[in-house]
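# Survey of secondary and tertiary structure
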2 protein chains.
Amino acid sequence: MSHVAEELRADITRLNVGLGERAYDILIGPGLFHEAGERIARLRPGARVGIVTDRHVAERHLATVEAALRAAGLTPTPVIVEPGEKSKCFRVFEEVVDALLAARIERRDVVLALGGGVVGDLAGFAAAALRRGVDFVQAPTSLLAQVDSSVGGKTGINSRHGKNLVGAFHQPILVLADSAALDTLPLREFRSGYAEVAKYGLIDNAPFFAWLERKWQEVFAGGPARIEAIATSCASKAAVVARDEKETGDRALLNLGHTFGHALEAGAGFSQRLLHGEAVAVGMAQAFRFSARQGLCSPEDALRVAAHLKTVGLPTRIRDIPGDLPDTDGLMDLIAQDKKVSRGALTFILARGIGRSFIARDVDPAELRAFLEAERGAI
Amino acid sequence: MSHVAEELRADITRLNVGLGERAYDILIGPGLFHEAGERIARLRPGARVGIVTDRHVAERHLATVEAALRAAGLTPTPVIVEPGEKSKCFRVFEEVVDALLAARIERRDVVLALGGGVVGDLAGFAAAALRRGVDFVQAPTSLLAQVDSSVGGKTGINSRHGKNLVGAFHQPILVLADSAALDTLPLREFRSGYAEVAKYGLIDNAPFFAWLERKWQEVFAGGPARIEAIATSCASKAAVVARDEKETGDRALLNLGHTFGHALEAGAGFSQRLLHGEAVAVGMAQAFRFSARQGLCSPEDALRVAAHLKTVGLPTRIRDIPGDLPDTDGLMDLIAQDKKVSRGALTFILARGIGRSFIARDVDPAELRAFLEAERGAI
Ligand SMILES: NC(=O)c1ccc[n+]([C@@H]2O[C@H](COP(=O)([O-])OP(=O)(O)OC[C@H]3O[C@@H](n4cnc5c(N)ncnc54)[C@H](O)[C@@H]3O)[C@@H](O)[C@H]2O)c1
Ligand SMILES: NC(=O)c1ccc[n+]([C@@H]2O[C@H](COP(=O)([O-])OP(=O)(O)OC[C@H]3O[C@@H](n4cnc5c(N)ncnc54)[C@H](O)[C@@H]3O)[C@@H](O)[C@H]2O)c1
Ligand SMILES: [Zn+2]
Ligand SMILES: [Zn+2]
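Residues numbered from 1 in each chain as written. Chains lettered and ligands numbered in written order. Predicted model: local features only at pLDDT ≥ 70, side-chain atom pairs only at ≥ 80, totals over all residues. Heavy atoms only, no water.

Our next topic: the pairing of strand E10 (residues 346-351) of chain A. All names here are of chain A. Of all 6 residues making up E10, 6 are buried, and the element is well covered by its neighbours. Side chains Leu346, Phe348 and Leu350 of E10 all project onto a buried face; the interleaved residues Thr347, Ile349 and Ala351 project onto the opposite face, where all are buried too. Turn length for the E10-strand E11 (residues 357-363) hairpin, with the two strands adjacent in sequence and antiparallel, is 5 residues, and the turn residue Gly353 shows positive phi of about 160°. (Buried < 20%, exposed > 50% of the residue type's maximum accessible area, 1.4 Å probe, protein only. Helix = DSSP H or I, 4+ residues; strand = E, 2+ residues; numbered from the N terminus. Pairing = 2+ DSSP bridges.)

What follows is the structure, given as structure tokens:
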């Protein structure tokens, strides 16, 4: 990763994702959507741009982006889908691909994903499949999308058999993370995305976690701390991706909190009752408590993790989640079904301390069960 | 390309497609489907194998392949689609992906395409998209699939906007071309595939074309000449693919006869009235006649091309196609719409002689029109 500032406004941070000939820039800063046209035109002058977005985001940001593209001599065509996870399905995928073809997007043109992770995953897979691959630009508008889903090249849709089971690895040619665009994001969505920001500190960057403990209010408020938090998060993810593009090795660290988290999301029926980042927050707190119980990390670290998540308003225990959830056996079943569990052995991301996470490949199901049972009893 | 015979029956030819770490073997010979199990098990021992096939092929070859897989300790699950181009659509794509997920095909498992080009393209795209890419084996059962569609890694489906507009580049890990499986192929389908065989001679292998002129009856009858024709064709295509995997340069030579051909197929409504290879046969004859008219190649070569295609029973002129077709202006419109025509300039594959094809990037539309008009008048 390199931070280069030349020909950029002082308040814009540039990261470069090093993937050889498919290397690309991530730009982070306020007002970037106003510059979307010149930035894309520099890479693909005169291109047609299919803008895939959802209705919420279109109402707030589409006019800005469209005007910027036109001003730079590009030809935008919006493709608007309904907001929400339901749009990551075969039917909407077909609609988007057909709309991009109707907009005559060809090999030298561009698909622009303007939205949260749903739009990014859907549009990215459409770009990967359209004419077997057209160029793709990410303009993430949720915090989760800016720090996580827009980096790494994973795209896809859901099937009736589960989430993200159909898709492609398709790297963008550019990521434009307009940090000011997050001001229109509902607070609960922002907070949910923040769980992933904290995750990067917990994985391997203890100073970043400590910085977040001091600066989180500024991150929520906007301004330089927000840009720095996004940039540090992106840089972490991009570094892992560059090392391990196809997720065979330590990219798995990014799943910290996600095995517990997915079981809880599934238990809550993947509903608005529990957002992804909220589930990850509970999952990370659990991963640290389980690590402490196993004598891997200090109880103080586990408490410190939970305390910070709680301070920003995130849940940290199963009982923080409204409504009913499966019992311990039900959760164990959901954990076993999780795709990160391969051929019997339970693989978990555990921690030896804040910033010292590791891949534990042989977690004993009995100990896990006992932990979950104890969690249920805990006040 | 290398021809290595070790540990193979004498009547089996092995080609290796050199794509670095994604290099793979193409095996060609009679009875290979009986060995499908051991050959796949050698690469992916114990794997589950989702066999995508169509009803025609299933009736004739599925039992053999399934038994062979089971005998080698693999776990096959058939996924049977309706025969015909209509199955290359979003709806059937979703059905196939869902069926493969229901069969619990995971990252280390295999999708096997058992069928013609339709099944290969559909199953290949499903394999590419399933969990963002699972391994894929081609068991082509039509001549066209054995010499063309199974080599090169192009996979995909059609959209309402046109053919093959949605898909992925996804290389197989193995191609098993059972030359005896072609014995159940309807003669007209065999002949249509033969047009693509002849194409490889016309592109850059004049001795091969001359060999086909002498040996074509043996190719149709089966036996060593058939294997040799398939192997030479595959080797030609594989060499081009290895040089130019993503179709940016001279892979375009493989489109000899295809720009005219596609216009005719479109004109005939992509119906059984005109099979793809039949259209390509007319297209190749036209490409040579147009080249002769332009003074690029000798009239004798153009006559020789048409004579051979005619001898095997393929059409060589528009009037050989039953039913109505668009007039010259209609054909010109269809040619202009063809995806090989980029931004105004007409790109064609023309020839300086048999085996001396080249990419002509600036064909004058007026001369083309005059040629088509003259063709119409010709007896
Ligand atoms: N590809 C990856 O690597 C990856 C990684 C993590 C998550 N994901 C995927 O990301 C998705 C979740 O992403 P998400 O949390 O962004 O969800 P989302 O895209 O559904 O966005 C959340 C909500 O916020 C709205 N929204 C987004 N930006 C807004 C803005 N600036 N102003 C107002 N409203 C806005 C959306 O319309 C939606 O209602 C999931 O489908 C998940 O599978 C993918
Ligand atoms: N991916 C590529 O690079 C590439 C290249 C060329 C063509 N294609 C695609 O290939 C498709 C055409 O392939 P095709 O000509 O094989 O068509 P196909 O798959 O429809 O097969 C033709 C017919 O023959 C039947 N059949 C196949 N094998 C048989 C056998 N051994 N015995 C009896 N019946 C058999 C099929 O059921 C079908 O009815 C088109 O969709 C075309 O776009 C792809
Ligand atoms: Zn996450
Ligand atoms: Zn063809």
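Residues and elements named next belong to chain B. Neighbouring ligand 2 are 26 residues, the closest being Asp54, Glu85, Thr141, Ser142 and Thr184. Between ligand 2 and the protein, one listed contact pairs a nitrogen atom with a side-chain N or O atom of Asp121 at 2.9 Å. Within the contact set of ligand 2, a nitrogen atom lies 2.6 Å away from a side-chain nitrogen or oxygen of Thr184. Alone, ligand 2 offers 860 Å² of accessible surface; in the complex the protein occludes 89% of this. Mapped onto the shell around ligand 2, the elements with two or more residues apiece are helix H2 (55-71), helix H4 (117-129), helix H5 (143-149) and strand E8 (162-169). If you tally residues by element for the shell around ligand 2, the top one is H2, at 4 residues. Here the shell around ligand 2 is composed, by residue class, of 7 nonpolar, 9 polar and 10 charged. (Near = heavy atom within 4 Å. Polar contact = N/O pair within 3.5 Å; in protein donor to acceptor, adjacent residues only side chain to side chain. Areas by Shrake-Rupley, 256 points an atom, 1.4 Å probe, with all protein chains shown as cover. Nonpolar A, V, L, I, M, F, W, Y, C, P; charged D, E, K, R; others polar.)

Attention now goes to the site of ligand 1. Residue and element names in this part refer to chain A. Around ligand 1, the surrounding shell holds 26 residues, and the nearest of these are Asp54, Glu85, Thr141, Ser142 and Thr184. Within the backbone of Val118, one N or O atom sits 3.0 Å away from an oxygen atom of ligand 1. Lys163 places a side-chain nitrogen or oxygen 3.1 Å from an oxygen atom of ligand 1. Among the elements of the structure, helix H2 (55-71), helix H4 (117-129), helix H5 (143-149) and strand E8 (162-169) are those that each provide at least two residues to the shell around ligand 1. Looking at the shell around ligand 1, the element that brings in the most residues is H2, giving 4 residues.

Residue and element names in this part refer to chain A. Binding of the zinc ion (ligand 3) to the protein goes through Glu196 (OE), His258 (NE2) and His276 (NE2), at separations of 2.0 to 2.1 Å. Mapping the donors of the zinc ion (ligand 3) onto the primary sequence yields the spacing E-x61-H-x17-H. A residue pair is termed long-range when its members are at least 10 positions apart, and Glu196 in helix H6 (residues 187-204) and His276 in helix H10 (residues 276-293) qualify at 80 residues. For Glu196, a relative accessible area of 0% corresponds to the buried category. (Donors = N, O, S within 2.8 Å, 3.2 Å for Na, K, Ca; no water.)

Here the focus is the coordination of the zinc ion (ligand 4). A metal bound by six donors in octahedral fashion has ideal angles of 90 or 180 degrees, whereas one bound by four tetrahedral donors has an ideal angle of 109.5 degrees. Residues and elements named next belong to chain B. Every protein donor of the zinc ion (ligand 4) is accounted for by Glu196 (OE), His258 (NE2) and His276 (NE2), and the metal-donor separations fall at 2.0 to 2.1 Å. Site description for the zinc ion (ligand 4): donor spacing in sequence, E-x61-H-x17-H. For His276, a relative accessible area of 22% puts it in the partly exposed group.

In this section: the packing of aromatic side chains. Within the structure shown, the criterion is met by 18 aromatic pairs over all chains. Three or more aromatic residues link up through ring pairs in this structure, and these residues are A:Phe190, A:Tyr194, A:Trp216 and A:Phe220. Here the basic side chain of B:Lys199 rests over the ring of B:Tyr200, its NZ or CZ set 5.4 Å away from the ring centre. (Phe/Tyr/Trp six-rings, centres within 6.5 Å; stacked < 30°, edge-to-face > 60°. Lys NZ or Arg CZ within 6 Å of the ring centre and 35° of its normal.)

Across the contact, 32 residues belong to chain B and 32 residues belong to chain A. For the chain B and chain A pair, buried surface summed over both sides reaches about 2900 Å², with 50% attributable to carbon and sulfur atoms. Residue A:Arg160 pairs with B:Glu94 through a salt bridge whose shortest N-O separation is 3.6 Å. Inspection of the region where chain B meets chain A yields 12 residue pairs in polar contact (both at pLDDT 80 or more). The set of elements that each furnish at least two residues to the side of chain B that touches chain A consists of helix H3 (90-102), H4, strand E7 (154-159) and E8 of chain B. Broken down by element, the side of chain B that touches chain A gets its largest block of residues, 7 residues, from H3(B). Taken together, the residues of the side of chain B that touches chain A break down into 13 nonpolar, 6 polar and 13 charged. (Contact = heavy atoms within 4.5 Å. Buried area = accessible area lost by both parts, 1.4 Å probe. Salt bridge = Lys/Arg side-chain N within 4 Å of Asp/Glu carboxyl O.)

Residues and elements named next belong to chain A. The domain architecture assigned to chain A consists of domain 1 (13-184) and domain 2 (188-377). On a C-alpha basis, the centroid separation for the pair domain 1 and domain 2 is 27 Å. Contacts between the two partners involve 25 residues from domain 1, matched on the other side by 25 residues from domain 2. Summed over the three residues of domain 1 that lose the most area to domain 2, namely Leu143, Val147 and Phe169, the buried surface amounts to 26% of that side. (Domains from an automatic or database assignment.)

This next bit is on the UniProt feature "domain: 3-dehydroquinate synthase N-terminal" (unreviewed entry) in chain A. In this structure's numbering, the residues bearing the UniProt feature "domain: 3-dehydroquinate synthase N-terminal" (unreviewed entry) are residues 79-191 of chain A. A distance of 28 Å separates the end C-alpha atoms of residues 79-191 of chain A, which is 34% helix and 30% strand. (UniProt positions renumbered as here; feature names shortened; annotations may be inferred.)

Looking now at the sheet that holds strand E1 (residues 13-17) of chain B. Residue and element names in this part refer to chain B. Pairing in this open sheet of 7 strands is mixed, and the strands run E1-E2-E9-E6-E5-E3-E4 from one edge to the other. The outermost strands of the open sheet, each flanked by one partner alone, are E1 and strand E4 (75-81). Going from strand to strand, the sheet's axes swing by 20° on average, the running direction of each strand aside. Pairing of strand E6 (residues 135-140) with strand E9 (residues 174-178), which is carried by 2 bridges, proceeds in the parallel orientation. Bridge pairing in E9 places Val137 opposite Leu174. (Axes fitted to C-alpha atoms, helices over the stretch in contact; angles between N-to-C directions.)

This next bit is on the sheet that holds strand E3 (residues 48-54) of chain A. All names here are of chain A. Strand order across the open sheet formed by 7 strands is E1-E2-E9-E6-E5-E3-E4, with mixed pairing between neighbours. Sheet topology places strand E1 (13-17) and strand E4 (75-81) at the edges, where each strand pairs with a single neighbour. Going from strand to strand, the sheet's axes swing by 20° on average, the running direction of each strand aside. In terms of strand pairing, strand E2 (residues 24-29) meets strand E9 (residues 174-178) through 5 bridges, oriented parallel. Across the sheet, Ile28 pairs through a bridge with Ala177, a residue of E9.

Residue and element names in this part refer to chain A. Under the UniProt annotation, the feature "binding site: Zn(2+)" (unreviewed entry) is placed at Glu196, His258 and His276. With the annotated positions falling across 81 residues, the maximum pairwise C-alpha distance of 10.2 Å places them together in a single cluster. Once residues within four sequence positions are removed from consideration, Glu196 is found in contact with Leu144, Val147, Asp148, His258, His276 and Val280. Turning to its location among the elements, His258 is positioned in helix H9 (residues 258-267). Ignoring any residue separated from it by four or fewer positions in sequence, one finds His258 in contact with Glu196, Lys199, His276 and Val280.

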